[in-house]
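# Geometric and topological summary
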Amino acid sequence: MDKFLVHGGVRLQGSVAISGAKNASLALMPTCLLTNGSMTLRNTPNNRDLGTMSRLLGSMGVGMSLEGDTLTLDSSNITSHEAPYEHVKQMRASIYVLGPLVARYGEARVSLPGGCNFGPRPVDLHLKGLEKLGAQIEVSGGYIIATCPRLQGAHFHFDISSVGASVNVISAAVLAKGHTTLTNVAIEPEVTNLAMMLLQMGAKISGIGTTTLEIEGVDELHPVVAATIPDRIEAATFMLAAAMTKGDVTLTNVEPEHLDAVTQKLIDSGATVDVTDNTIRVRMDDTPEAVDITASIYPGFPTDTQAQWAAYMLTANGASRIKDTIYPTRFGYVPELQRLGAHIETGEGYCVVKGNHKLTGATVMSSDLRASASLVMAGLAAEGQTEILRVYHLDRGYEKLEAKLGGLGAVIERHRTEEY
Ligand code: UD1
């Protein structure tokens, strides 16, 4: 088990390259199950969740190699159609193999994902969507068992806008026989990245980037060389850390359009944000002003950045209200930030951060991936040293965070520890 020692009081300055998007890669990798042969994914990040997906696909017979950020996946010898509990319990996105497996092989056995640190996260829409395409679904012994000789096109409406369910159902519909209409599809950039890649592979999809997709099923897809979009959540974390430390940081390898909601709020708080086609520079000279945010579906403010915004607002003048409409209980980071001296009150689906109180280093515990990032940010702004336990949560989604922040002047040590 690793922990971080974060030394506070440093102003971040310099340039940092953003990695490929974890959440997009997790959706792109299982598309290898839809075809036969060797596929290449560029701009692939290297983090723990990608390792979990690699082991899962590897256990099914997919051959893999990662050189730099180029991942090659060879699906010529698939030997298993099962996602065992040992992988799924580590990462809910393991369920992304369900759609491709049942679409191409007519059967899939995937462990049901369990609970989650920030509230209930059902998979009913994944299953309803696949059922609508003709899959027989049975849940037994903790496993989803899906079977169907050939999926059939259908009309399916997602009752809730869901990234994961959209990924699974789109990935299945492309090989279904006939026409599928999907409505209220999630339009997060990661879903669009997947749809564009499937198009490259020979899928027939129209309406990409909108909430309605028309898909004409094809008999087979072919392997391609595709690219993962830049990670908008990693980028947002660096943007907020830059502003929080009154720094001056330029992010490279970013897609600024994906970050519009965060950029606008940063500007409202008093930061200067300069944008080119693929870079964003964030500068902050003064104490930020408190700004409220409401996390909602894309293009709204991302739920995966609300914990980092709360950390940022600890340094602001005034009180800011942080609301999460996607995961209303995603405030597990609050008691940990309070250990550093934060003044935060929580209510139903929101918290109120009272800024400009002195933060002092303490020992805190990561509870989930993005909560961990908020602790690192608070540690950077705190006086003294902050010890962050269980940074394995952080490693799920950030590639070498301490090294990247170190390149901007932060002092963060990683240590092995027996503490849990
Ligand atoms: C994905 C992201 C996660 C992000 C979230 C919201 C990945 C690997 N993870 O998670 O980082 O926080 O989108 O942007 O990309 N829901 C149902 N039934 C379902 C599926 C979802 O009720 O079958 C609900 C969820 O409980 C939640 C809402 O729909 O309230 C949105 O969740 P969803 O978009 O599915 O999140 P994930 O795909 O799990």
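Numbering of residues starts from 1 in every chain and runs along the sequence as written. Selection of residues for local features in this predicted model requires a pLDDT of at least 70, selection of side-chain atom pairs for listing and counting requires 80 or more, and totals for whole chains, interfaces and linings are taken over all residues. As a rule here, side-chain values cover all heavy atoms of the structure and leave hydrogens and water aside.

## Observations concerning the overall build of the protein chain
- The number of helices and strands found in the protein chain is 14 helices and 24 strands.
- Its C-alpha radius of gyration of 21 Å places the protein chain within 12% of the 22 Å reference for a compact globule of 420 residues.
- Judged by the C-alpha coordinates and their principal axes, the protein chain covers about 65 × 45 × 40 Å.
- Burial statistics for the protein chain: of 420 residues in total, 57% are counted as buried.
- In the protein chain, of all internal contacts separated by at least 6 residues, the share reaching a separation of at least 24 is 73%.
- When the accessible surface of the protein chain is split by element, carbon and sulfur atoms take 48% of a total near 15800 Å².
- In this tally Asp and Glu are treated as negative and Lys and Arg as positive; neither His nor the chain ends contributes. Note that the charge is assigned to NZ on lysines, CZ on arginines, CG on aspartates and CD on glutamates. In the protein chain, 34 side chains carry a positive charge and 45 a negative one; their mean positions are 2 Å apart. Helix and strand definitions here come from DSSP, where helices need a minimum of 4 consecutive H or I residues and strands a minimum of 2 consecutive E residues; each element is numbered from the N-terminal end. Note on method: radius of gyration uses C-alpha positions; expected globular size equals 2.2 Å times residues raised to 0.38. Here's how the labels work: a residue is buried when its accessible area is under 20% of the maximum for its type, exposed when over 50%, partly exposed in between, all with a 1.4 Å probe on protein chains only. We call two residues in contact whenever any of their non-hydrogen atoms come within 4.5 Å of each other. Method for areas: the Shrake-Rupley scheme with a 1.4 Å probe, in which residue coverage is limited to the protein chains shown.

## Some thoughts on helix α2 (residues 48–59)
- The end-to-end C-alpha distance of α2 is 16 Å, a good match for the 16 Å that 12 residues give at a rise of 1.5 Å each.
- Those residues of α2 lying buried are D49, L50, T52, M53, L56 and L57. For α2, the arc enclosing every buried residue in end-on projection is 155°, short of the 170-degree limit, so these residues lie on one face.
- For this analysis, a polar contact is any N or O atom pair within 3.5 Å, provided that within protein one partner can donate a hydrogen and the other can accept it, and provided that sequence-adjacent residues contribute only side-chain to side-chain pairs. Among the residues of α2, the N-terminal cap falls to N47, whose side-chain oxygen and the backbone nitrogen of D49 are separated by 3.3 Å.
- Just downstream of α2 lies G61, where phi reads positive at about 105°. A helix is expected to reach a length of 1.5 Å times the quantity of its residues less one. Relevant arc is that of directions from the helix axis to the C-beta atoms, nothing else.

## What to know about the sheet that holds strand β13 (residues 213–216)
- One open sheet accounts for four strands, arranged β10-β11-β13-β12; its pairing is mixed. Only two strands of the sheet have a single partner each, and these edge strands are β10 (155–157) and β12 (204–206). On average, each strand axis in the sheet is inclined to that of its neighbour by 15°, with strand direction left out of account.
- Bridging between β10 and strand β11 (residues 179–183) involves three bridges; their strand directions are parallel. Across the sheet, residue H155 finds its bridge partner in β11, namely T181. Two strands are said to pair when DSSP picks up at least two bridges between them. As a rule, the C-alpha atoms of each element are fitted with a line to give its axis, helices using only the stretch in contact, and angles between N-to-C directions run from 0 to 180 degrees.

## A closer look at unusual backbone geometry
- Residues Y298 and P299 are joined by a peptide bond in cis, for which omega reads 10°.
- Mapped onto the elements, P299 comes out in the loop between β18 (293–295) and α10 (306–313).
- Backbone geometry at N184 places phi at a positive 55°, although glycine is not the residue there.
- With respect to the helices and strands, the residue N184 is situated in the loop between β11 and α7 (189–200).
- A relative accessible area of 24% means that N184 is categorised as partly exposed.
- Unusually for a residue other than glycine, K400 sits at a positive phi of about 50°.
- Tracing the backbone through its elements, the reader meets K400 in the loop between α13 (392–395) and α14 (401–406).
- Note on K400: relative accessible area 56%, which makes it exposed.

## A closer look at the sheet that holds strand β9 (residues 143–147)
- Reading across the sheet, the four strands line up as β6-β7-β9-β8 and stay open at both edges, with mixed pairing between neighbours. The sheet terminates laterally at β6 (82–83) and β8 (136–140), the two strands that pair on one side only.
- Judged from the five bridges that link them, β8 and β9 form a sheet pairing that is antiparallel. Bridged to E138 within β9 is I145.
- Lying on the sheet, helix α4 (residues 98–105) is in contact with β6, β7 (107–111) and β9; it crosses β7 at an angle near 160°.

## With respect to the packing of aromatic side chains
- Think of it this way: a Phe, Tyr or Trp ring, Trp meaning its six-membered ring, pairs with another when their centres are within 6.5 Å, and the plane angle makes it stacked under 30 degrees, edge-to-face over 60, tilted otherwise. Overall, the coordinates contain four aromatic pairs when judged by the stated rule.
- Ring geometry for F156 versus F158: centroids 4.9 Å apart, planes at 80°, classification edge-to-face.
- A relative accessible area of 7% places F156 in the buried class.
- Judged by relative accessible area, F158 falls into the buried class, the value being 0%.

## Looking at the pattern of salt bridges
- Salt bridges are identified by distance alone: a Lys or Arg side-chain nitrogen within 4 Å of an Asp or Glu carboxyl oxygen. The full count for this structure, using the stated rule, is 18 salt bridges.
- In this structure, K22 and D49 form a salt bridge, with 3.1 Å as the shortest nitrogen-oxygen distance. On the criterion of sequence distance, the pair formed by K22 in helix α1 (residues 22–28) and D49 in helix α2 is long-range, its members being 27 residues apart. Like K22, the residue D49 is buried in the burial classification.
- For E190, the salt bridge identified is with R232, shortest N-O distance 2.8 Å. Of this pair, E190 sits in helix α7 while R232 sits in helix α8 (residues 232–244), and the two are 42 residues apart along the sequence. The pair E190 / R232 is uniform in exposure class, with both members buried.
- Each of the salt bridges in this network shares a partner with another, and the network as a whole consists of D2, D395, E402, R414 and R416.

## Here we look at the environment of A146
- Positionally, A146 belongs in strand β9.
- Remark: the alpha-carbon pair of A146 and A108, spanning 38 residues in sequence, is separated by 5.2 Å.
- Leaving out residues up to four positions away in the same chain, A146 has contacts with L98, V102, G106, E107, A108, Q136 and I137.

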